[in-house]
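# Descriptive analysis of the structure
What follows is each chain in one-letter form.
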Amino acid sequence: MLLLLLGIIVLHVAVLVLLFVSTIVSQWMVGNGHATDLWQNCTTSSLGNVQHCFMSSANEWLQSVQATMILSIIFSVLSLFLFFCQLFTLTKGGRFYITGVFQILAESHSGPGRCDE
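Worth saying up front: this structure is predicted, and the values here are computed from it rather than measured. (Residues numbered from 1 in each chain as written. Predicted model: local features only at pLDDT ≥ 70, side-chain atom pairs only at ≥ 80, totals over all residues. Heavy atoms only, no water.)

### Some words on the overall build of the protein
- The helix and strand tally for the protein stands at three helices and four strands.
- Secondary structure elements in the protein, listed N-terminal to C-terminal, are α-β-β-β-β-α-α.
- Across the 117 residues that make up the protein, the buried fraction comes to 24%.
- Look at the contacts in the protein between residues 6 or more apart in sequence, and 47% of them connect residues 24 or more apart.
- Counting only carbon and sulfur atoms, one obtains 70% of the accessible surface of the protein, whose full area is about 8,200 Å². (Helix = DSSP H or I, 4+ residues; strand = E, 2+ residues; numbered from the N terminus. Buried < 20%, exposed > 50% of the residue type's maximum accessible area, 1.4 Å probe, protein only. Contact = heavy atoms within 4.5 Å. Areas by Shrake-Rupley, 256 points an atom, 1.4 Å probe, with all protein chains shown as cover.)

### Examining the environment of Leu11
- As for its position among the elements, Leu11 is in helix α1 (residues 2-24).
- Exposure remark for Leu11: the relative accessible area of 56% places this residue in the exposed category.
- A sequence separation of 69 residues divides Leu11 from Leu80, and the C-alpha atoms of the two residues are 9.8 Å apart.

### Brief notes about the confidence of the model for the protein
- Residues at a pLDDT of 70 or more form 81% of the protein, whose mean pLDDT is 76.
- Here strand β1 (residues 27-31) is the element of the protein with the lowest mean pLDDT, 67, and α1 is the one with the highest, 85.
- This model gives residues 113-117 a pLDDT under 50, and the stretch forms five contacts once residues within four places in sequence are excluded. (pLDDT = per-residue confidence, 0-100.)

### Considerations on α1
- The end-to-end C-alpha separation of α1 is 33 Å, in line with the 33 Å expected for 23 residues at 1.5 Å each.
- Taken residue by residue, α1 has Leu5, His12, Val15, Leu16, Leu19 and Thr23 as its buried positions.
- On its buried side, α1 packs onto α2 (60-89) and α3 (97-108). (Expected span 1.5 Å × (residues − 1).)

### A short note on the packing of α2 against α3
- At their nearest, the axes of α2 and α3 sit 8 Å apart, and the two run at 165° to each other. When the axis of α2 is compared with that of α3, the two are roughly antiparallel. Handedness of the α2/α3 crossing: left-handed. Where α2 abuts α3, its residues Ser72, Phe75, Ser76, Leu78, Ser79, Leu82, Phe83 and Gln86 lie against Ile98, Thr99, Phe102, Gln103, Leu105 and Ala106. (Axes fitted to C-alpha atoms, helices over the stretch in contact; angles between N-to-C directions. Parallel < 35°, antiparallel > 145°, perpendicular 65-115°, else oblique. Left-handed = near helix turned anticlockwise from the far one by under 90°.)

As structure tokens, this is what we get:
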């Protein structure tokens, strides 16, 4: 049982780390002196130095991807917090339904975005 709880904690932390990394460092296109990610568009010199960075465009699809990534992180943090709360307050044999619901919400919001341009 202890190994199962440890595995669940490792899974929660791994999901959280992957969500943070995919949200913060998510370069989608790199090349031809241009790098685009979820938050900004940058032009680079031939030496690889960043020259100018602008905010990403105001397309609705990009804003929805940004919002769902942030919601996914929030739900995942809540799920980990609720897991620890339920771990110490549930009776023996109790189920982690609330934690599961928040983890499912976190995973449902972390889907890939689409570019229809």
